[in-house]
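For reference, the chains in residue letters:
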Amino acid sequence: MRALEYLRQLISFPSVSSVSNADITDCVEHWLHQLQFETERVSYSDARGVLKTSVVARRGPASGAGLAWFGHTDVVPVDSWSYPHTGPWQAHVADGRVYGRGSCDMKGPIACLLAAAASIAPEQQQAPLWFVATADEEVGMLGARSVAAQSQLYRGIVEQAAGAIIGEPTGLRVVYAHKGGRTVQAVSRGRAAHSSTGLGQNACMALIPFLEEIRRINEELESAPQWHDARFQPPTPTLNLLLHDTNTGINITSPLAACHVYFRPMPGQPADELTARMREVAARCGLQFEVTFSSEPLYTDPQSPFIGELLQISGKDRPETVAYGTDGAVLPELRNMAVWGPGDIAQAHTDDEWISLVQLEQGVALYESAIRRWCC
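Residues numbered from 1 in each chain as written. Predicted model: local features only at pLDDT ≥ 70, side-chain atom pairs only at ≥ 80, totals over all residues. Heavy atoms only, no water.

(A) Examining the side chain of Glu 29 more closely. Of note, Glu 29 is situated in helix α2 (residues 22–34). Given a relative accessible area of 12%, Glu 29 falls into the buried group. Once residues lying within four places of it in the same chain are set aside, the contact partners of Glu 29 are Thr 39, Arg 41 and Val 55. (Helix = DSSP H or I, 4+ residues; strand = E, 2+ residues; numbered from the N terminus. Buried < 20%, exposed > 50% of the residue type's maximum accessible area, 1.4 Å probe, protein only. Contact = heavy atoms within 4.5 Å.)

(B) Highlighting the packing of helix α1 (residues 3–11) against α2. Close contact between α1 and α2 brings their axes to 10 Å; oriented N to C, the two are set at 155°. It follows from the interaxial angle that α1 and α2 lie roughly antiparallel. Considering how the two elements wind past one another, α1 and α2 form a crossing that is right-handed. Within the contact between the two elements, α1 uses Tyr 6, Gln 9 and Leu 10 and α2 uses Ile 24, Cys 27, Val 28 and Trp 31. (Axes fitted to C-alpha atoms, helices over the stretch in contact; angles between N-to-C directions. Parallel < 35°, antiparallel > 145°, perpendicular 65-115°, else oblique. Left-handed = near helix turned anticlockwise from the far one by under 90°.)

(C) Representation of helix α3 (residues 107–118) in the model. Between its terminal C-alpha atoms α3 stretches 16 Å, which fits the 16 Å expected from 12 residues at 1.5 Å a residue. Burial of α3 is extensive: 11 of the 12 residues sit out of reach of the surface. Of all the residues in α3, the buried ones are Lys 107, Gly 108, Pro 109, Ile 110, Ala 111, Cys 112, Leu 113, Leu 114, Ala 115, Ala 116 and Ala 117. (Expected span 1.5 Å × (residues − 1).)

(D) Main features of unusual backbone geometry. Of note, the amide linkage connecting Asp 105 to Met 106 takes the cis form, showing an omega dihedral of -10°. Its location among the elements puts Met 106 in the loop between β5 (97–99) and α3. At the junction of Gln 233 and Pro 234, the peptide bond is cis and its omega measures out at -5° in the coordinates. If you trace the backbone, Pro 234 turns up in the loop between α6 (203–223) and β10 (240–245). A positive phi is found at Asp 136, a non-glycine position, where the angle reads about 60°. Along the polypeptide, Asp 136 turns up in the loop between β6 (129–134) and α4 (142–150). Residue Met 141 is not a glycine yet carries a positive backbone phi of 60°. Along the chain, the position of Met 141 falls in the loop between β6 and α4. Under the relative-accessibility criterion, Met 141 is labelled buried at 6%.

(E) Main features of the nonpolar core. Ranked by size, the top nonpolar core spans 56 residues in total, and within it Leu 67, Phe 131 and Trp 340 carry the most contacts. Once residues within four sequence positions are removed from consideration, Phe 131 is found in contact with Val 28, Leu 32, Phe 37, Val 55, Val 56, Ala 57, Trp 69, Ile 110, Leu 113 and Leu 114. Core analysis: the second largest hydrophobic core is formed by 28 residues, Val 147, Ala 162, Ile 166 and Ala 329 among them. (Core = buried A, V, L, I, M, F, W, Y, C linked by side-chain atoms within 4.5 Å.)

(F) Structural context of the environment of Leu 357. The topology assignment puts Leu 357 in helix α9 (residues 357–375). Overall, the relative accessible area of 26% leaves Leu 357 in the partly exposed class. Residues Leu 357 and Leu 241, spaced 116 residues apart in sequence, show a C-alpha to C-alpha distance of 38 Å. With sequence-adjacent residues up to four places away left out, Leu 357 is seen in contact with Leu 4, Val 93, Gly 96, Arg 97 and Val 98.

(G) View of the packing of helix α8 (residues 305–314) against α9. Look at α8 against α9: their axes get within 10 Å of each other, and the N-to-C directions meet at 135°. By the angle between their directions, the pair α8 and α9 is classed as oblique. Here the hand of the crossing between α8 and α9 comes out right-handed. Each of Phe 306, Glu 309, Leu 310, Gln 312, Ile 313 and Ser 314 in α8 lies in contact with α9, whose residues at this interface are Leu 366, Ser 369, Ala 370, Arg 373 and Trp 374. Here the contact of α8 with α9 is built from residues that sort into six nonpolar, three polar and two charged. (Nonpolar A, V, L, I, M, F, W, Y, C, P; charged D, E, K, R; others polar.)

(H) Up close: the packing of aromatic side chains. If you walk through the whole model with that rule in mind, you get nine aromatic pairs. For the pair Trp 69 and Tyr 367, a centre-to-centre distance of 6.0 Å together with 75° between the ring planes defines the contact as edge-to-face. Of this pair, Trp 69 sits in strand β3 (residues 67–72) while Tyr 367 sits in helix α9, placing them 298 residues apart in sequence. The buried category is assigned to Trp 69, whose relative accessible area is 1%. An aromatic cluster of at least three residues, connected via ring pairs, comprises Trp 69, Phe 131, Trp 340 and Tyr 367. If you follow Arg 97 out to its NZ or CZ, it ends over the ring of Trp 354, 3.8 Å from the centre. (Phe/Tyr/Trp six-rings, centres within 6.5 Å; stacked < 30°, edge-to-face > 60°. Lys NZ or Arg CZ within 6 Å of the ring centre and 35° of its normal.)

Next up, the structure:
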């Protein structure tokens, strides 16, 4: 099938991260079998008991480095949808674009890889082509973590040092590095009472000195040279703060309050030292503290042969960096890795998400060139 036909069917699955993605994985695995891939399923239940599943596949000889491509089948929720001509789960082609949730992030890139693989006869391959479609990338990269821990085919990718492409949308620019991530949670517990009695204990009060330290840390991240990296835009870890209070009335002392802190470290920055500093402050304030998310920056030497060959294929002069994260952040065993896919990240997660037909066509052509370069 052509990429557009694959994409139409992929968009029709409402595969938000909060529900099971088993049906869309069944569909992708069926296509892979049609393309003569050997497949392996990696499944788990998330914290709510919902079944999640990833598929890992290989076509061609078992030996040789070859090429591995990584994507994810889950998408972000649709809290609003502004495109007037169709809903988020029905692909609509207009004005040179394909509209629909996941069209850009990242069902469009999956469609391109499948179409590229379909254009090459398996008997032409002299080295393996691997394909990995994970669950839960949007909510902590849980599918990629399970693949790395459980998949036998993934071990082949690692052991044979395959070149790895993370197919997230980059406008088909070659990306050699992206930021990592850390999320911490600090929870304060008080005692609810009518505020007129003076008998309550307001949980928010204990958060105040912790928040003061977070403010100082934020100022440091924005000003100290060790936290700046001019290769990225923006060049700082861009700390973000979220506050949560369960109180329902101004005349009730808050029994529970929490804050969540998220920052994006860049290669070589002491992210764990910073989280340890936050933990110490939380302990002094009597707060419960937990690191709820951690991923490392992705970095491949921009002068490496793998990056150089991708630049040659794509017709670009130099590789770039991005500020967002990918499944590559939790796959550190992969040494030759780049982010390279069709679509504009500015369209990802929007309420009229789309990918251009030009990017789909170029994605198929460039992915086909890459498969021929490393597999044929």
